[in-house]
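Secondary and tertiary structure notes
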Amino acid sequence: VPKAVQEALDAARVQGLKKKSRLRVQVGESQFPVLRMWKTGFSVEEATAPQLRGLVDLYDGARHISQCLIVAS
């Protein structure tokens, strides 16, 4: 598959994950969509989220799910 086609497919996949997920991480006033969540962690898009550290809040829509401590990302 040509590189341009692969990049377009990857971008579409990430966009689809962001649209179907109501999960988000909040750090102060900033919010970042969660692409995927598993039992021991979650992932955010590297291009839009900064190096997250410290206490962050995890939300499902308006419902607070948990508070997480990120030591390294």
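Within the secondary structure layout, R24 lies in strand β1 (residues 23-27). Within the buried core, R24 has no salt-bridge partner, and the shortest N-O distance to an opposite charge, that of D60, equals 8.1 Å. Of the polar contacts made by the side chain of R24, one reaches the backbone oxygen of G61; its length is 3.0 Å. What R24 contacts, discounting residues up to four positions off in sequence, is Q31, F32, P33, V34, D57, L58, Y59, G61 and A62.

As a further point, take the packing of aromatic side chains. Per the stated rule, a full pass over the model turns up 0 aromatic pairs. Above the ring of Y59, the side-chain terminus of R24 is found at 4.4 Å from the ring centroid.

With that settled, consider a nonpolar patch on the surface. Among the surface-exposed residues, V1, V5 and L9 lie close enough to one another that they form a single nonpolar patch of about 310 Å² accessible area. Structurally, L9 can be placed in helix α1 (residues 3-20).

Mapped onto the fold, H64 is located in strand β5 (residues 63-70). With relative accessibility at 41%, the residue H64 sits in the partly exposed group. Put simply, H64 and R24 are 40 residues apart on the chain and 9.8 Å apart in space, counted from C-alpha to C-alpha. Dropping the residues within four chain positions of it, H64 is found in contact with D57, L58 and Y59. At 3.0 Å, the side chain of H64 and the side chain of D57 are in polar contact.

Cut-off values and rules
Residues numbered from 1 in each chain as written. Predicted model: local features only at pLDDT ≥ 70, side-chain atom pairs only at ≥ 80, totals over all residues. Heavy atoms only, no water. Helix = DSSP H or I, 4+ residues; strand = E, 2+ residues; numbered from the N terminus. Buried < 20%, exposed > 50% of the residue type's maximum accessible area, 1.4 Å probe, protein only. Lys, Arg positive; Asp, Glu negative; His and termini not counted. Salt bridge = Lys/Arg side-chain N within 4 Å of Asp/Glu carboxyl O. Polar contact = N/O pair within 3.5 Å; in protein donor to acceptor, adjacent residues only side chain to side chain. Contact = heavy atoms within 4.5 Å. Phe/Tyr/Trp six-rings, centres within 6.5 Å; stacked < 30°, edge-to-face > 60°. Lys NZ or Arg CZ within 6 Å of the ring centre and 35° of its normal. Patch = residues over 30% accessible without salt bridge, like charges linked within 9 Å, V, L, I, M, F, W, Y side chains within 5 Å. Areas by Shrake-Rupley, 256 points an atom, 1.4 Å probe, with all protein chains shown as cover.

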